[in-house]
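Letter by letter, the chains look like this.
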Amino acid sequence: RGARPASGRSQSADTLTPARVRFGIPGQTARGHRPGQRDRVPMSHDLFSGFSQLLTPEAIGLLFVGMAIGMFMGMLPGMGVSLALSLMLPFLYHMSVIPAITLMLATQAASYYAASITAILLNTPGAPESYPTTLDGFPMAQRGEAGRALAISAAATWAGGWIASSTAHARSEE
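Everything quoted here is computed from the prediction, not taken from an experiment.

Trainee: What's the story with the overall build of the protein in this structure? I'm lost.
Mentor: Per the secondary structure count, the protein includes six helices and zero strands. Listed N to C, the secondary structure of the protein is α-α-α-α-α-α in terms of helices and strands. Long-range pairs, those at least 24 residues apart, make up 46% of the contacts in the protein with a sequence separation of at least 6. In the structure as shown, the protein presents an accessible area of about 12300 Å², 66% of it carried by carbon and sulfur atoms.

Here you go:
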């Protein structure tokens, strides 16, 4: 088998792998990195890689399916985002990561917007998060500006999603 060290103990397999061989500096591996440190890749590379995976026919189809599910579940008062995503879980176990996340994010975004539709048109919020929408959206609908109120709600949902995702990404880079 292998030679035993002078101390009489055998070396474990993980101490012989090249990534664990130390080169003089404590905590540094054979590649010269500290454990947990990864090579720096420009963020634009990650962005274009993500967009290329999102623009596949499967991902675009799942975006539309997720939006339809989210719009339906979000418009029903009492049926919120958490229920829609919980009911979707059994179908996600048989998907790979990118399609599953695409479907869940599309459902979540559409549910948040659809909850404001009933808040604006019927003064009945579809989810607790859309209650403040009733304060401005329903009076606008009564004045005949329902389309404008729905457009403002869609733009606010889109902007909030972008701000949240960019903040989360910036925090993950720290």
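Text resumes after the structure shown.
Trainee: What is the right way to look at helix H5 (residues 131-142) in this model?
Mentor: Side chains that are three or four residues apart share a direction in an α-helix, a result of its 3.6 residues per turn. For H5, spanning 12 residues, the distance from its first C-alpha to its last is 17 Å, which sits close to the expected 16 Å at 1.5 Å a residue. Within H5, burial applies to Thr-134, Gly-137, Phe-138 and Met-140. With its buried residues spanning 155° around the axis, H5 presents them on a single face. In H5, the exposed positions angled more than 90 degrees off the buried face are occupied by Leu-135 and Asp-136. Directly after H5, the chain includes Gly-144, whose backbone phi takes a positive value near 90°.

Trainee: Can you walk me through the nonpolar core in this structure?
Mentor: Here is a general trend for soluble globular proteins: nonpolar side chains tend to be buried in one another's company. Judged by nonpolar contacts, Tyr-113, Ala-114, Ile-117, Ile-120, Met-140, Ala-149 and Leu-150 together constitute the single largest core of seven residues. Of all elements in the fold, only helix H4 (97-121) and helix H6 (146-172) reach the threshold of two or more residues within this core. Element by element, the count of residues in this core is highest for H4, at four residues. Of all hydrophobic cores here, the second largest spans five residues; its members include Met-88, Leu-92, Ala-100 and Leu-103.

Trainee: Which parts of the structure should I look at to understand the packing of helix H3 (residues 81-92) against H4?
Mentor: Axis angle and axis distance: for two packed helices, these are the angle between their axes and the distance between the axes, and together they describe the pair. Contact pair H3 / H4: the axes reach a minimum separation of 10 Å and the direction vectors enclose 160°. Taken together, the axes of H3 and H4 are roughly antiparallel relative to one another. H4 is crossed by H3, and the crossing has right-handed handedness. Side by side, H3 and H4 meet where Val-81, Ala-84, Leu-85, Met-88 and Leu-92 of the first sit next to Ala-100, Leu-103, Met-104, Thr-107, Gln-108, Ser-111 and Tyr-112 of the second. Per-class residue counts for the contact of H3 with H4 are nine nonpolar, three polar and no charged.

Trainee: Which parts of the structure should I look at to understand a nonpolar patch on the surface?
Mentor: Side chains of Leu-47, Phe-48, Phe-51, Leu-54, Leu-55, Ile-60, Phe-64, Met-67, Trp-158 and Trp-162 sit close together on the surface and give an oily, nonpolar patch of about 1100 Å² of accessible area. Taken together, the elements giving at least two residues each to the nonpolar patch come down to helix H1 (43-54), helix H2 (57-75) and H6. If you tally residues by element for the nonpolar patch, the top one is H1, at four residues. Here Ile-60 lies in helix H2. Ile-60 sits in the partly exposed class, given a relative accessible area of 33%.

Trainee: Help me out: how do you make sense of unusual backbone geometry in this one?
Mentor: Peptide bonds are, in most cases, trans, and in most cases residues other than glycine have a negative phi. Even without a glycine there, the phi angle at Asn-123 is positive, about 60°. Tracing the backbone shows Asn-123 in the loop between H4 and H5.

Trainee: Help me understand the environment of Leu-62 in this model?
Mentor: Tracing the backbone shows Leu-62 in helix H2. Judged by its relative accessible area of 13%, Leu-62 falls in the buried class. When near neighbours in sequence (up to four residues on either side) are disregarded, Leu-62 contacts Met-95, Pro-99, Thr-102, Leu-103 and Ala-106.

Trainee: Explain the environment of Ile-98 to me, please; I cannot follow it from the model alone.
Mentor: Within the secondary structure, Ile-98 is located in helix H4. Taking relative accessible area as the criterion, Ile-98 reaches 38% and is therefore assigned partly exposed. Residues Ile-98 and Gln-53 lie 45 residues apart in sequence; the distance between their C-alpha atoms is 7.7 Å.

Here is what the cut-offs are and how they apply
Within every chain, residues take consecutive numbers counted from 1 along the sequence as written. Restriction of local features to residues with pLDDT of at least 70 applies here, the model being predicted, together with a cutoff of 80 or more for giving and counting side-chain atom pairs; totals for whole chains, interfaces and linings are based on all residues. Hydrogens and water molecules were not included; the side-chain quantities draw on all heavy atoms of the structure. Helix and strand assignments come from DSSP, with helices taken as H or I runs of at least 4 residues and strands as E runs of at least 2, each series counted from the N terminus. When checking whether two residues touch, look at their non-hydrogen atoms; a contact exists if any pair is within 4.5 Å. All accessibility values rest on the Shrake-Rupley procedure with a 1.4 Å probe; residue burial counts only the protein chains present in the view. Under the convention used throughout, the expected extent of a helix is 1.5 Å for every residue step, that is, one less than its residue count. Burial classification: accessible surface area is computed with a 1.4 Å probe over protein chains only, and a residue below 20% of its type maximum counts as buried, one above 50% as exposed, and the rest as partly exposed. Working note: the arc is built from the helix axis to C-beta atom directions. Here, the term nonpolar core denotes a set of buried Ala, Val, Leu, Ile, Met, Phe, Trp, Tyr and Cys residues that are joined through side-chain atoms within 4.5 Å. Every axis corresponds to a line fitted to the C-alpha atoms, with the helix fit spanning only the stretch in contact, and the corresponding angles, defined between N-to-C directions, vary from 0 to 180 degrees. Our angle categories are set so that under 35 degrees counts as roughly parallel, over 145 as roughly antiparallel, 65 to 115 as roughly perpendicular, and the remainder as oblique. Left-handed describes a crossing in which the near helix is turned anticlockwise from the far one by less than a right angle; the clockwise case is right-handed. Any residue outside Ala, Val, Leu, Ile, Met, Phe, Trp, Tyr, Cys, Pro, Asp, Glu, Lys and Arg is labelled polar, Gly included; the first ten of those are nonpolar and the last four are charged. To count toward a patch, a residue needs a relative accessible area over 30% and no salt bridge; like charges are then connected within 9 Å, while nonpolar side chains (Val, Leu, Ile, Met, Phe, Trp, Tyr) are connected within 5 Å. Any Lys or Arg side-chain nitrogen found within 4 Å of a carboxyl oxygen on Asp or Glu counts as a salt bridge.

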